[in-house]
Amino acid sequence: MTKYIFKRILLTIPLLFAMSFVSFFFIRLAPGDMLASHRANPQNSQEYIAQLEKKFHLDKPLAAQYAFWLKNVLQGDMGYSFIKKDSVSSVISSRLVNTLILALFSIFITWTIAIPLGICAAVNQYKPIDAFFSFVSYIGISFPNFFLALLLLALISVMPELPIIGKLPLGGMKSADYETLSAVGKFFDVLKHLLVPGIVLATASMAGLQRIMRGNMLEELRQKYITTARAKGLPENKVVYKHALRNAINPLITIFGYEFSAILSGAALTEIITGYPGLGSIMLEAVRAQDQFLIMGNMLMSGVLLIAGNLLSDILLAVCDPRVKLS
């Protein structure tokens, strides 16, 4: 497995190179440039603008700019953010942990709820409970995440007397008195702030995953080895959870890597609407201001997380299914 992991890491190098190359050139195709705000400031002289262009190689051809950026990245320097007036590494690291916590929290909600619901729906096929779960999943798939976020925020602000929901915060990640709380109090304070954005992100993923789990379970329950197990007199719970579930869940492990990166990309709008201090709001500012180095840093980070998620899903699949060999 070590050889396989090393080989996959080597393959990520050309993938990241191609992704960064395309992203860099497409960003520069947009009208304007990252020094637009400096040019608009009458206090900045032309000599100062020229110094900035020379310092960040903006006076050179596009291919040369990319070469300088790539060289700096390989040396550990992801560039400078003009809107945050700090290094890109510092800006991303200050918010990346928050976004990862939110993504992992929503994935935890998704998998702990969707898998049991999918199994229950498959075991009770065509029964009222199956119809109810199918209806709920269709609603979850078709319901826009941003609208659900606005709806939850409206309920919290307009109806504070509602149990649980009315007591949730409207934004942020920590309360004002966070530092005075105990370790347990800090944990529940962060958890309380995670609920609204976490539920919003988990809704669509949960609905889709539940449908996939149901389909996989139904397919496995129709296999001959399941009929044989029942004919031998095995208890139904053992047939479902020991035999059918182990094979039905394998395709979902493959989905895990893509789901992780999809939640990270989809978290941006949710973070902005719910006021969660993640990478979403920073990236929106970067795109609007054409802060190229910050955008490229985010794209590079997203690419690394996507590749890492896919590698993790392959390793988990090999661990869960001994028939899968990594080579």
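Structural notes, computed from the coordinates. (Residues numbered from 1 in each chain as written. Predicted model: local features only at pLDDT ≥ 70, side-chain atom pairs only at ≥ 80, totals over all residues. Heavy atoms only, no water.)

### Quick look at the overall build of the protein chain
Looking only at helices and strands, the protein chain features 13 helices and two strands. A principal-axis box enclosing the C-alpha atoms of the protein chain has dimensions of 85 × 60 × 40 Å. Counting every position in the protein chain, which comprises 327 residues, the buried fraction comes to 40%. By sequence separation, contacts in the protein chain at least 24 residues apart represent 73% of the contacts at least 6 residues apart. Summing over all exposed atoms, the protein chain offers an accessible surface of approximately 18100 Å²; the carbon and sulfur share of this is 68%. Side-chain charges of the protein chain comprise 29 positive and 20 negative groups, with the mean position of each set lying 10 Å from the other. (Helix = DSSP H or I, 4+ residues; strand = E, 2+ residues; numbered from the N terminus. Buried < 20%, exposed > 50% of the residue type's maximum accessible area, 1.4 Å probe, protein only. Contact = heavy atoms within 4.5 Å. Areas by Shrake-Rupley, 256 points an atom, 1.4 Å probe, with all protein chains shown as cover. Lys, Arg positive; Asp, Glu negative; His and termini not counted. Charge placed at Lys NZ, Arg CZ, Asp CG, Glu CD.)

### Quick look at empty space enclosed by the protein
Counting across every chain of the model gives one cavity of 30 Å³ or more. In this structure, the largest cavity encloses a volume near 60 Å³. In terms of residues, the lining of the largest cavity owes the most to one element, helix α8 (residues 183-221), which gives three residues. Across the lining of the largest cavity, the residue classes tally to six nonpolar, four polar and no charged. (1 Å grid on protein atoms, 1.4 Å probe; cavity = no way out; pocket = protein on both sides within 12 Å on 5 of 7 lines; lining within 4 Å. Points joined across faces, edges and corners; volume = space filled by probe spheres on them. Nonpolar A, V, L, I, M, F, W, Y, C, P; charged D, E, K, R; others polar.)

### Let's talk about helix α1 (residues 2-29)
The terminal C-alpha atoms of α1, which comprises 28 residues, lie 41 Å apart, in line with the 40 Å expected from a rise of 1.5 Å per residue. Within the sequence span of α1, burial applies to Tyr-4, Arg-8, Thr-12, Leu-16, Ser-20, Ser-23, Phe-24 and Ile-27. (Expected span 1.5 Å × (residues − 1).)

### Here's the deal with the pattern of salt bridges
A side chain of one charge can pair with a side chain of the opposite charge if their charged atoms are brought near each other. In the structure shown here, the tally under the stated rule is four salt bridges. One salt bridge connects Glu-285 with Lys-84, and the closest N-O pair in it is separated by 3.5 Å. Remark: Lys-84 occurs in the loop between β1 (80-81) and β2 (86-87) and Glu-285 occurs in helix α12 (residues 279-289); sequence separation between them is 201 residues. Take Glu-285: its relative accessible area is 36%, and that puts it in the partly exposed class. The shortest N-O distance in the salt bridge between Glu-236 and Arg-230 comes to 2.7 Å. Classification of Glu-236 as partly exposed rests on a relative accessible area of 36%. (Salt bridge = Lys/Arg side-chain N within 4 Å of Asp/Glu carboxyl O.)

### Concerning the environment of Arg-95
Mapped onto the elements of the fold, Arg-95 is located in helix α5 (residues 88-123). For Arg-95, a relative accessible area of 22% puts it in the partly exposed group. Beyond its immediate sequence surroundings of up to four residues, Arg-95 is in contact with Pro-277, Gly-278, Leu-279, Ser-281 and Ile-282.

### Focus on the packing of aromatic side chains
Counting across every chain of the model gives 15 aromatic pairs. For the pair Phe-24 and Phe-25, a centre-to-centre distance of 6.2 Å together with 65 degrees between the ring planes defines the contact as edge-to-face. Under the relative-accessibility criterion, Phe-24 is labelled buried at 1%. Aromatic rings pair up to connect Phe-17, Phe-21, Phe-24, Phe-25, Tyr-66 and Trp-69 into one cluster. (Phe/Tyr/Trp six-rings, centres within 6.5 Å; stacked < 30°, edge-to-face > 60°.)

### Looking at the nonpolar core
Ranked by size, the top nonpolar core spans 32 residues in total, and within it Trp-111, Ile-115, Ile-119, Met-213 and Met-217 carry the most contacts. At the level of elements, α5, α8, α9 (224-231), α10 (236-248) and α11 (250-274) are the ones that each hand at least two residues to this core. For this core, the element with the highest residue contribution is α8, accounting for 10 residues. Once residues within four sequence positions are removed from consideration, Met-213 is found in contact with Ile-115, Gly-118, Ile-119, Leu-245, Ala-248, Ile-249 and Leu-252. Membership of the second largest hydrophobic core comes to 27 residues, among which are Phe-24, Met-78, Phe-82 and Met-296. (Core = buried A, V, L, I, M, F, W, Y, C linked by side-chain atoms within 4.5 Å.)

### Here's the deal with the packing of α5 against α8
Packing of α5 against α8 brings their axes to within 5 Å, and their N-to-C directions diverge by 35 degrees. α5 and α8 meet at a crossing whose hand is right-handed. (Axes fitted to C-alpha atoms, helices over the stretch in contact; angles between N-to-C directions. Left-handed = near helix turned anticlockwise from the far one by under 90°.)

### Thoughts on the side chain of Asn-298
Inspection of the secondary structure assignment puts Asn-298 in helix α13 (residues 292-320). If we skip the residues at most four places from it in the chain, Asn-298 touches Ile-92, Leu-279 and Met-283.

### Some details on the layout of surface pockets
Each pocket or cavity is described by its volume, and for the largest pocket that value is around 250 Å³. Contributing to the lining of the largest pocket are Ile-13, Leu-16, Phe-17, Ser-20, Trp-69, Leu-70, Val-73, Leu-74, Met-78, Leu-300, Met-301 and Val-304. At the level of secondary structure, the elements contributing two or more residues to the lining of the largest pocket comprise α1, α4 (62-74) and α13. Residue composition of the lining of the largest pocket, grouped by class: 11 nonpolar, one polar and no charged.

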